[in-house]
Amino acid sequence: MFEKEIRRKAKELLEAKTVDLVIGYTSGSLPFQARPILVSSPEDVGKLVWNHFARSNLARYLLPYRDSSKKIALLAKGCDARAVAVLLQEEQFPRERIHIIGLPCPGVISRRKLEEKLGEIKEEDFSWEENSFLFQGEKWEVRPFLEDTCARCRYPNPPLYDELIGEEKEPWRDGSVDYLKELDNQSREERWQFFAAELSRCIRCYACRNACPLCYCKECFAESDSPRWVNGVPTLSDNLFFHLGRSMHLAGRCVECGACERACPEEIKIGLLPLKVEEIVRENFSFEAGLSLEEEAPLLTYKESDPGEFIK
Amino acid sequence: MTASELEVNNPYLPILLPIAEIIEETRDIKTFRLQGDSIFSYLPGQFAEVFVPGKGEAPFSITSSPTNEGILEFSIKKMGVVTTALHRLNPGEKIGVRGPYGNGFPLDKLKSHNLLFVGGGIGLAPLRSLINYVLSPQKREEFAEVFILYGARSPQDLVFKWELEKWEQREDLHLLVTVDRGDNSWQGRVGLVPQVLKEEVKVEAGEWQSIVCGPPIMIKFTIKALLEMGFSPSQIITTLEMKMKCGLGKCGRCNIGPFYVCQEGPVFSYDVLEKLPEEY
Amino acid sequence: MSKGLVTKEKWWKWLEDKKDRLFLSERAQKRYGSWFPPEVKVVKNGKEILLPSGEEMYRYFWAGEEWKVEEGEVNTAPLFFFSLPCEARAIIEITDKVFLHEPIDKNYRQRRKSLSLGILACLQPEPTCFCSLVGGGPFWKNEEALFLVPRKEDIYVEGEGELLSYSEEGGEKVKQEIQTLQKEVESGLPSPLPSYFSQELYQHFEDEEWDDISWHCMNCGACTFLCPTCYCFDLSIEGRLKGFQLRSWDSCMFPKFTLHASFHNPRPTGKERVRQRVMHKFSYFPEREGNFACVGCGVCVEKCPVNWDIREAIERMVEKIDRLRA
């Protein structure tokens, strides 16, 4: 899966001092995990991996270098690159200090789904391809094992990159599954029950927020003392307030990467709220965040000609 | 369960005390004099959690001396939510205190020594507790010479001016007051505390103990100056500020290395402090 | 202390009048759920019972003329909590030491006094487990708690109290069986960290290794909130004319944990905060209390969104320390 090319490229960039650092993925301490890694020396590029378990959105790891002078190469899936585009548009990082190695994304696979279907699994039982895998010699399609956040992905290919490794892919989402339709068709009461059940499990560890490349506020409203919106106890009402507030703050900015949902230790379907907000943005403004650097973000742009229907 | 087992006090429960008097020290510092309570007995250098009903709770060093029975004083700079709420209170209103917490100044170690107090800004508040303790008629004999060097950013930022005047008149101590920047009416000394310390405080370090408190940067340079003057690390005592919530060594945030500032501090001797990580 | 076998039938009889007072840890439920009635309350760990995510420490109110404060009430109905050995150890060797030492935390004490512990032997350590590394074990027991090994048709029990009166002498054969089982489960588990570890770790406070160790941690609170030993908390005042002091969970991973009102922060970046978490568990706490503040349950490893693995941090520091000692 293009791992060799990625390592070669990383080595080349570091040796030529085109960049100081490479941010990518490496094998984790647990099977079926690829975790973020910082590579600063050409000798360490062998640690880089690229597989179906690259759960994190690496764009969030750029932010600590915002005020440094480091030049950074970032391995970017479709969603990572979209997040970078938003960060660039919001002037959170200078374009000249980032080198985007675009990677058409094969989708992140859910370990839980593998276990549910295949029973006890070991890493050595698998051999992976882009769209399929062999498990104990038997061939399986990747699709049913994708994380929900990735099965609904519409942009596996980076819209923005300095170079692309691999071949552009067709989106997994073929329109046969609409992740919001089911909720849309529910009554208010049913919807409330669904979200109440989900959000009452939230422990407010803020993994979702911290995994989000676009949640970069220095002080999150959820932790502000004055005014104080919520306290530290994960009650349903405060949880709801936090997640709705976060979703609204991401309106027109969220790139639907689902890193929030994949980060949740309680496996709460937390990505659905921002997803719905983005659907509304799409319908009202024909806009999707992070697809181009030129198009103005509707909710961050003031226009005198705005009909302002919301204040009627 | 025996009766004695039942009687565990709730250590988080404050006692409510009325504000007897509020003294405006500077434009953003007020001293709150509470009517003391015999339950609340403390040592110089200890602190308390002060509770403003409906607003919040925060730790403050006690600035009064326990020798001044029946009163309890805190000097508080307006900074955040709790301090702003405190600054809006009037005499007669009640606030809560729980404590006292922390180790306080090492009185046994200080006894019969010459004492050099070096304070900066509101950092004089915890020192004042010990100064008035040492100067009290009951205790004065137990200590030798007293030298107080106090500085603030400007003449307007000097706290306890009313008391500085009293100290000035005493014959059993030396007082030097300095400001970083003077103004038209300022007749006194101008200069940073560490500088004035080096230039004007001529003491034989051997017989002295120094007690330092002020903003972090002032503490840093004052300690440097004291070391240059021949003070050994164990002759330098300082009191630290940390974010403290419980005061009981339980909530887990105020540690510097293995020491909880609310338990083993806030007073540290520099020979201990210099070996600790610089996480304060 | 006595030992014996309790048959399934008698076990259920013993549970009969306790159904509404039973708590079971999530992880124990996965293994032993069928031994408990459907009414059992499943909790993540003992923290949920003893240190709830939010609790009133005292109340205050405006009484027309002046402010009044009064203590809150703690429910002290007797409860039973069954968990794996690591989770019981988190209570007995960590949170008890913090909250029952002077000054005693009254709320905790009241809940703790009415809580009886049952330790269910751990027969299938998971890949994320490391209890033996930190001084525990799958058969760790404590004299104040019941120790239970559920078997096919009966439960082997050690301890004291009512349940033991339901037990029958198992004899030498059972003793042998339990010993064999323990040996089997414990074989191949890592040996404990060296006794010098906590002291030496502190000597490596300034080590540059921490930059790399901490780099990919996102500083969320998943590990600390789900940890059975992480007890750090926040206190806040809730309500205007009537309210209470709230104790809620806090996390050393959050920048606000140590942020001063002046905006100075002694632990400003992820590196200092990750180091604090490791140091607190593996150096500061053991130096004060005699044991690690980690029971090796592995929940933090399992739940971490970015696979930050405390075992790797420990391993790297052990290597460093041993290299320098050699």
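Description of the overall build of chain B
The helix and strand inventory of chain B stands at eight helices and 15 strands. Over its C-alpha atoms chain B spans a radius of gyration of 19 Å, differing by no more than 12% from the 19 Å that the globule rule assigns to 280 residues. Taken over the C-alpha atoms alone, chain B extends approximately 65 × 40 × 35 Å along its principal axes. Counting contacts in chain B only where the partners sit at least 6 residues apart, residues at least 24 apart contribute 72% of the total.

Overview of the overall build of chain A
Within chain A, the secondary structure is distributed over 10 helices and nine strands. In summary, chain A has a C-alpha radius of gyration of 20 Å against a globular reference of 20 Å for 312 residues, a match within 12%. On the principal axes, the C-alpha backbone points of chain A span a range of 60 × 50 × 35 Å. Across chain A, contacts joining residues at least 24 apart in sequence account for 69% of those joining residues at least 6 apart.

Details of the sheet that holds strand 7 (residues 114–120) of chain B
Residues and elements named next belong to chain B. A sheet is described by the order of its strands in space; here seven strands give the open sequence 10-9-8-7-11-12-15, paired in mixed fashion. At either margin of the open sheet sits one strand with a lone partner, and together these are strand 10 (189–190) and strand 15 (267–269). Relative to strand 8 (residues 146–152), strand 7 runs parallel, the two being bridged by six bridges. Within the sheet, the bridge partner assigned to Leu115 lies in strand 8 and is Val146. Lying on the sheet, helix 6 (residues 193–200) is in contact with strand 7, strand 8, strand 9 (174–179) and strand 10; it crosses strand 8 at an angle near 145°. Against the sheet, helix 7 (residues 216–228) makes contact with strand 7, strand 11 (208–213) and strand 12 (236–239), and its axis sits at roughly 165° relative to strand 11, the strand it touches most.

Regarding the nonpolar core
Within the largest apolar cluster, 167 residues are counted, with the highest numbers of intra-cluster contacts made by A:Leu74, A:Val84, A:Ala207 and C:Leu148. Broken down by element, this core gets its largest block of residues, eight residues, from helix 4 (residues 85–99) of chain C. Beyond its immediate sequence surroundings of up to four residues, A:Ala207 is in contact with A:Ala263, A:Cys264, A:Pro265, C:Met218, C:Cys220, C:Ala222 and C:Pro305. Residues B:Leu124, B:Leu158, B:Trp167 and B:Tyr280 belong to the second largest nonpolar core, which totals 73 residues.

Some remarks on the domain arrangement of chain B
Residues and elements named next belong to chain B. For chain B, the assigned domains are domain 1 (9–101) and domain 2 (107–239). Just the C-alpha atoms count here: the centres of domain 1 and domain 2 sit 24 Å apart. Listed per partner, the contact involves 16 residues of domain 1 and 16 residues of domain 2. A per-class count over the side of domain 1 that touches domain 2 returns four nonpolar, nine polar and three charged.

Focus on the sheet that holds strand 6 (residues 94–101) of chain B
Residues and elements named next belong to chain B. The strand order 4-3-6-1-2-5 describes an open sheet built from six strands, whose pairing is antiparallel. Every other strand in the sheet has two partners, leaving strand 4 (56–61) and strand 5 (71–77) as the edge strands with one partner each. Each strand axis lies, on average, 40° off the axis of its neighbour in the sheet, ignoring direction.

Here we look at the domain arrangement of chain A
Residues and elements named next belong to chain A. Entries for chain A in the domain assignment read domain 1 (3–110 + 146–298) and domain 2 (111–145). On a C-alpha basis, the centroid separation for the pair domain 1 and domain 2 is 24 Å. Of the residues belonging to the side of domain 1 that touches domain 2, the class tally is six nonpolar, four polar and no charged.

Details of unusual backbone geometry
Along the chain, B:Gly99 connects to B:Pro100 via a cis peptide bond; the corresponding omega equals -5°. Relative to the helices and strands, B:Pro100 is located in strand 6. A cis amide bond links C:Glu102 to the next residue, C:Pro103, at an omega of -10°. Secondary-structure assignment places C:Pro103 in the loop between helix 4 and helix 5 (106–113). For A:Lys17, which is not glycine, the phi dihedral falls at a positive 55°. Assignment of secondary structure puts A:Lys17 in the loop between helix 1 (3–15) and strand 1 (21–27).

Comments concerning helix 4 of chain C
All names here are of chain C. Compared with an ideal rise of 1.5 Å per residue, which puts 15 residues at 21 Å, helix 4 spans 20 Å between its outermost C-alpha atoms and is within 8% of the ideal. Most pronounced at Ile91, the bend in helix 4 amounts to some 30°. Among the 15 residues in helix 4, 13 count as buried, and that is most of the element.

Concerning the environment of A:Glu12
All names here are of chain A. Secondary-structure assignment places Glu12 in helix 1. Assessed through the 14 C-beta atoms surrounding it within 10 Å, Glu12 is described here as partly exposed. The spacing of Glu12 and Pro42 is 30 residues in sequence and 7.9 Å in space, taken between C-alpha atoms.

Concerning the pairing of strand 6 (residues 79–83) of chain C
Residue and element names in this part refer to chain C. As judged from the three bridges shared by strand 2 (residues 22–25) and strand 6, these two strands associate in the parallel manner. Residue pairing across strands places Phe23 opposite Phe81, the latter belonging to strand 6. Two strands pair when backbone bridges link them, and strand 6 and strand 7 (residues 115–120) are joined in this way by five bridges, in the parallel orientation. Bridge assignment links Phe82 to a residue of strand 7, and that residue is Gly118.

A few points about the environment of B:Leu107
Residues and elements named next belong to chain B. When you line up the elements, Leu107 lands in helix 3 (residues 107–110). Assessed through the 16 C-beta atoms surrounding it within 10 Å, Leu107 is described here as partly exposed. For the pair formed by Leu107 and Leu276, sequence separation is 169 residues and the distance between their alpha carbons is 23 Å.

A closer look at helix 11 (residues 270–289) of chain C
In an α-helix, one turn spans 3.6 residues; hence positions three or four apart end up facing the same way. Residue and element names in this part refer to chain C. For helix 11, which comprises 20 residues, the first-to-last C-alpha distance of 26 Å matches the rise-based estimate of 28 Å (1.5 Å per residue) to within 8%. The largest bend in helix 11 amounts to roughly 55° and is located at His280. For helix 11, a buried count of 15 out of 20 residues is recorded, marking the element as mostly surrounded by other parts of the structure. In the stretch just after helix 11, Gly290 is the one whose phi turns positive, near 90°.

Some thoughts on the packing of helix 8 (residues 236–249) of chain A against helix 10 (residues 272–285) of chain A
Residues and elements named next belong to chain A. At a closest axis distance of 9 Å, the pairing of helix 8 and helix 10 adopts a crossing angle of 35°. With respect to the hand of their crossing, helix 8 and helix 10 are arranged in right-handed fashion. Between helix 8 and helix 10, the contacting residues are His243, Leu244, Ser247 and Met248 on the first element and Leu273, Pro274 and Val277 on the second. Classifying every residue of the contact of helix 8 with helix 10 by side-chain character gives five nonpolar, two polar and no charged.

Cut-off values and rules
- Residues numbered from 1 in each chain as written.
- Chains lettered and ligands numbered in written order.
- Predicted model: local features only at pLDDT ≥ 70, side-chain atom pairs only at ≥ 80, totals over all residues.
- Helix = DSSP H or I, 4+ residues; strand = E, 2+ residues; numbered from the N terminus.
- Rg over C-alpha atoms; globule rule 2.2 N^0.38 Å.
- Contact = placed C-beta atoms within 7 Å.
- Pairing = 2+ DSSP bridges.
- Axes fitted to C-alpha atoms, helices over the stretch in contact; angles between N-to-C directions.
- Core = buried A, V, L, I, M, F, W, Y, C linked by C-beta atoms within 7 Å.
- Buried ≥ 20, exposed ≤ 12 C-beta atoms within 10 Å, placed from the backbone.
- Domains from an automatic or database assignment.
- Nonpolar A, V, L, I, M, F, W, Y, C, P; charged D, E, K, R; others polar.
- Expected span 1.5 Å × (residues − 1).
- Bend = angle between axes of the 7 residues up to and from the residue.
- Left-handed = near helix turned anticlockwise from the far one by under 90°.

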